[in-house]
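Residue-level structure breakdown
One letter stands for each residue in the lines below.
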Amino acid sequence: MRILIVEDDKRLARLIERVLSEERHTVDVAWDGESGLDLLMQGVYDVAIIDWMLPGRDGPSLCRAARAARLPTALLLLTARGQIEDKVLGFESGADDYLVKPFAFEELLARVRALGRRFHPNLSANDELRVGTIVLDLRNYTARRGERRLDLTPTEWRLLEYLMRNVGQTLTRQQILDYVWSFEHDVQPQMVDVYISYLRRKLNASGETDPINTIRGIGYRLEAERV
């Protein structure tokens, strides 16, 4: 999964980042509310772990902004405030889960996995993403179509992952660019078309039906094939 951490305690943020990275998640970190909001509003994250008390904007305001924008991101609010009224306020701001500091990292990981399953039903319990005969093993970073292994570059992997997480939805070139190339600001939108062609070549190498539809003037959509 792609996860955003918004936490001004840099030591804690780095610990969380390391733990999640060891679980093979892709992790971005922001140290304050304003930069956290900028990243969150890109709409590319599966889960956001947000501290309540932040410089600039607090965690509940980030949750409210995400819900107002109808982002599909699952929101986990971190706080030292464990009173019932605080929890109610957190949930009313739009948080999907609430974890009180100090916490065990095992509990954090369990909650992140649960949020991932809840918000991304294509992700199975054994961390496989499946669309038709296309399978991504998110733990071992292997991919296959049917019984045929797909030899993907890291960029092709992220592209296929994003398409699979949004199966049946039309994604604009800019959305794909923001997710796959993230902070690489010098990448041109034409790179999306180039890598779609690379990915198609590998997906359809044995003469299979092309599952990627080109939506002229907009972008691309992955269709679920019948199996």
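Please read all numbers here as calculations on a predicted model, not as lab measurements. (Residues numbered from 1 in each chain as written. Predicted model: local features only at pLDDT ≥ 70, side-chain atom pairs only at ≥ 80, totals over all residues. Heavy atoms only, no water.)

Should the charged atoms of two oppositely charged side chains come close, the side chains can pair. In this structure the tally under the stated criterion is 13 salt bridges. The shortest N-O distance in the salt bridge between D210 and R200 comes to 2.9 Å. Taken as a pair, D210 in the loop between α8 (190-203) and β11 (212-215) and R200 in helix α8 lie far apart in primary sequence, ten residues in all. (Salt bridge = Lys/Arg side-chain N within 4 Å of Asp/Glu carboxyl O. Helix = DSSP H or I, 4+ residues; strand = E, 2+ residues; numbered from the N terminus.)

Turning to the sheet that holds strand β4 (residues 74-79), a few remarks are in order. Spatially, five strands are ordered β2-β1-β3-β4-β5 in an open sheet, and the strand pairing comes out parallel. Taken across any chain shown, the strands that pair with only one partner, and hence form the sheet edges, are β2 (26-30) and β5 (97-100). Neighbouring strand axes in the sheet, compared pairwise and without regard to direction, differ in orientation by 20° on average. Bridge count for strand β1 (residues 2-6) against strand β3 (residues 47-51) is four bridges, and the pairing is parallel. Its bridge partner lying in β3, I3 is registered against V47. (Pairing = 2+ DSSP bridges. Axes fitted to C-alpha atoms, helices over the stretch in contact; angles between N-to-C directions.)

Below, the discussion takes up the domain arrangement of the chain. Interfaces are often described in size by the accessible area the parts lose on coming together. Along its sequence, the chain is carved into domain 1 (1-115) and domain 2 (126-224). If you average the C-alpha positions of domain 1 and of domain 2, the two centres end up 27 Å apart. Taken together, the contact between domain 1 and domain 2 spans eleven residues of the former and ten residues of the latter. Among the residues domain 1 hides against domain 2, the three largest losses belong to R2, R24 and V44. Together they make up 50% of the total. There are zero residue pairs in polar contact (both at pLDDT 80 or more) connecting domain 1 and domain 2. (Domains from an automatic or database assignment. Contact = heavy atoms within 4.5 Å. Buried area = accessible area lost by both parts, 1.4 Å probe. Polar contact = N/O pair within 3.5 Å; in protein donor to acceptor, adjacent residues only side chain to side chain.)

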